[in-house]
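# Overview (structure and organization)
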Amino acid sequence: MADTARDPPLENTDFHELEDGEDLFPEPSATQETGPANLPAQYISANLNGPKQDSLFDDDPEDLFAEATEEVSLLDSPEREVLLSDGPSPAITPITPPTSVINPRVTLAHDDMFTHSSFDEIEEEEGGDSFDIHISVSDPEKVGDGMNAYMAYKVTTKTSLSSFKNSDFSVKRRFSDFLGLHSKLASRYLHIGYIIPPAPEKSIVGMTKVKVGKEDQSSNEFVEKRRSALERYLMRTVKHPILLKDNDVLQFLESSELPRAVSTQALSSAGLLRMVNKAADAVNKMTIKMNESDAWFEEKQQHFENLDVQLRKLHISVESLVCHRKELSVNTAQFAKSAAMLGNSEDHTALSRALSQLAEVEEKIDQLHQDQANADFYLFSELLGDYVRLITAVKGVFDHRMKTWQKWQDSQMLLQKKREAEAKLQFTNKPDKLQQAKDEIKELEGKVQQGERDFEQISKTIRKEVSRFEKERVKDFKTIIIKYLESLVQTQQQLIKYWEAFLPEAKAIS
């Protein structure tokens, strides 16, 4: 694999070109070390929290109106993926339950990046399709008054898994707790190739209406949409065999109190999109393109790019359909009202009765249109929106693979320079620096071998994750499409019943 990869240009590395006459292996007394141990773990520093401002428009006072133009870690920061993958999650399907609780230690240190054999062991232990855990998010409750108010949700877990202390339990969680959980999982698992379900995004406008106490239809719809999105997010998280065993997930579901989450970013959809585009542009400028030697990865990347485009188009179409049905419902209600008024003013008894019953039928049809609009949204539109955001998370793990390859290539480049310098020292007969050169070369050889192992491991993990993701995607779409079609059939059958019942009354007009 290393033979087919193209070496990156030197300007993308953290070392510098030697000037003529400059020693590559300085004396131990030199004031600055140039050994590979000093290579930074990240290429660019990041300020992920942005300017801190007082909260006015979201659940959490301390992070409201955070700047959407803040800088993002463009190469190695796991928090970047927390931002890239923010969003609601889709409905889930059953998978295998885990059998024990572990807390894998995952750090960002390069040498320890893929020493997680326990992850593979867990996946190998998973067998069959049994999945015995159900989580519901219910009873949204406003806590506090004014702009300091927030919504609390009841999270109920029912399971027979031995990972949990009880089989049926509930806790209260606020929205920032969900974002805090996603942040922890993303920083722990994303950079080693695991697909982390994106959390629901914040809504400044929607939460403002809730905070100021303006209870109207739009506010109620916002609360219900968020509740549904949070429930899908948790279900998609716990069905992952690795994430279900994570201590932060267990604590989130079981502990009555959680540490306050303070580093969540208040990003709108537009702000998030701008940030993703800026990060992608910067990565393109600062890293070289891989000469992909694995046909599977090349095919899958193209597949997800195409899938992303088509899902976004379909999502827009379904959202338009939802708006159309809501508008149809409003117009139907207006028609029913007008028919009723006309019936009241009609002198002809049979015609007046028919018009009155027509108004009643239209009122029932108005409710059918509302119900179907809700089915369009909660069954179909939300599924598409969830998978648009999930595919963003999938593409994120492919980016991490590229960065792992980049680190490996950088180490190879530095090793080559050190070997050339060692040959120069041997030629010029400088034994005092030769031993230091050999030590540094030995250390670099270890880094190159570790880099190759890291690249092979993340490639292996991504293959497993993509396979799992594709199976779940097919199951999700099959389940939801069947439910959606059943709702359409039921609506049409009910319409036929209403009109068949009204037809004799219309024929009775004489």
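These figures come from a predicted structure and were not determined experimentally.

Looking only at helices and strands, the protein features 10 helices and 3 strands. Ordering the α and β elements of the protein from the N terminus gives α-α-β-β-β-α-α-α-α-α-α-α-α. Buried residues in the protein amount to 49% of all 510 residues. In the protein, the share of contacts with a sequence separation of at least 24, taken over all contacts with a separation of at least 6, comes to 81%. As presented, the protein carries roughly 25,200 Å² of accessible surface, and 52% of it is formed by carbon and sulfur atoms.

With that settled, the discussion passes to the nonpolar core. Counting residues in hydrophobic clusters, the biggest one holds 62 residues, and the most contacted among them are Leu234 and Leu253. It is helix H9 (residues 349–428) that contributes the most residues to this core, 11 residues altogether. Not counting the four nearest positions on each side in its chain, leucine 253 is found in contact with Ile135, Val155, Thr157, Phe164, Phe169, Val171 and Val238. Residues Trp405, Leu414, Val448 and Phe455 belong to the second largest nonpolar core, which totals 8 residues.

Moving on, we get to the packing of H9 against helix H10 (residues 431–507). In the contact formed by H9 and H10, the axes pass within 9 Å of each other and the chain directions differ by 170°. In terms of their interaxial angle, H9 and H10 are classed as roughly antiparallel. Its residues assigned to classes, the contact of H9 with H10 comprises 39 nonpolar, 12 polar and 20 charged.

Here the focus is unusual backbone geometry. Here aspartate 139, not a glycine, exhibits a phi torsion of approximately 50°, which is positive. Tracing the backbone through its elements, the reader meets aspartate 139 in strand S1 (residues 133–143). Classification of aspartate 139 as partly exposed rests on a relative accessible area of 44%.

Two descriptors summarise a pair of aromatic rings, namely the distance from one centre to the other and the angle between the planes of the rings. If you walk through the whole model with that rule in mind, you get 13 aromatic pairs. With centroids separated by 4.9 Å and ring planes inclined at 85°, the aromatic side chains of tryptophan 296 and phenylalanine 297 adopt a geometry described as edge-to-face. Tryptophan 296 gets classed as partly exposed once you look at its relative accessible area, which sits at 21%. Following the ring pairs from residue to residue traces out a cluster consisting of Trp296, Phe297, Phe304, Tyr387, Phe398, Phe469 and Phe477. The side chain of lysine 225 reaches across the aromatic face of phenylalanine 377, ending 4.5 Å from its centre.

Spatially, S1-S2-S3 is the arrangement adopted by the 3 strands of the open sheet, whose pairing is antiparallel. Taken across any chain shown, the strands that pair with only one partner, and hence form the sheet edges, are S1 and strand S3 (168–174). For this sheet the average axis-to-axis angle between neighbouring strands, irrespective of direction, equals 20°. Examined bridge by bridge, S1 and strand S2 (residues 150–159) share 9 bridges and lie antiparallel to one another. Residue pairing across strands places histidine 134 opposite lysine 158, the latter belonging to S2.

Below, the discussion takes up helix H4 (residues 204–211). Of the positions making up H4, those classed as buried are Gly206, Met207, Thr208, Val210 and Lys211. At its buried positions, H4 is contacted by S1, S2 and helix H5 (217–238).

Mean pLDDT for the protein: 76, with 68% of residues reaching 70 or above. By mean pLDDT, helix H1 (residues 78–84) is the weakest element of the protein at 39, and helix H8 (residues 295–345) is the strongest at 95.

Parameters at a glance
Residues numbered from 1 in each chain as written. Predicted model: local features only at pLDDT ≥ 70, side-chain atom pairs only at ≥ 80, totals over all residues. Heavy atoms only, no water. Helix = DSSP H or I, 4+ residues; strand = E, 2+ residues; numbered from the N terminus. Buried < 20%, exposed > 50% of the residue type's maximum accessible area, 1.4 Å probe, protein only. Contact = heavy atoms within 4.5 Å. Areas by Shrake-Rupley, 256 points an atom, 1.4 Å probe, with all protein chains shown as cover. Core = buried A, V, L, I, M, F, W, Y, C linked by side-chain atoms within 4.5 Å. Axes fitted to C-alpha atoms, helices over the stretch in contact; angles between N-to-C directions. Parallel < 35°, antiparallel > 145°, perpendicular 65-115°, else oblique. Nonpolar A, V, L, I, M, F, W, Y, C, P; charged D, E, K, R; others polar. Phe/Tyr/Trp six-rings, centres within 6.5 Å; stacked < 30°, edge-to-face > 60°. Lys NZ or Arg CZ within 6 Å of the ring centre and 35° of its normal. Pairing = 2+ DSSP bridges. pLDDT = per-residue confidence, 0-100.

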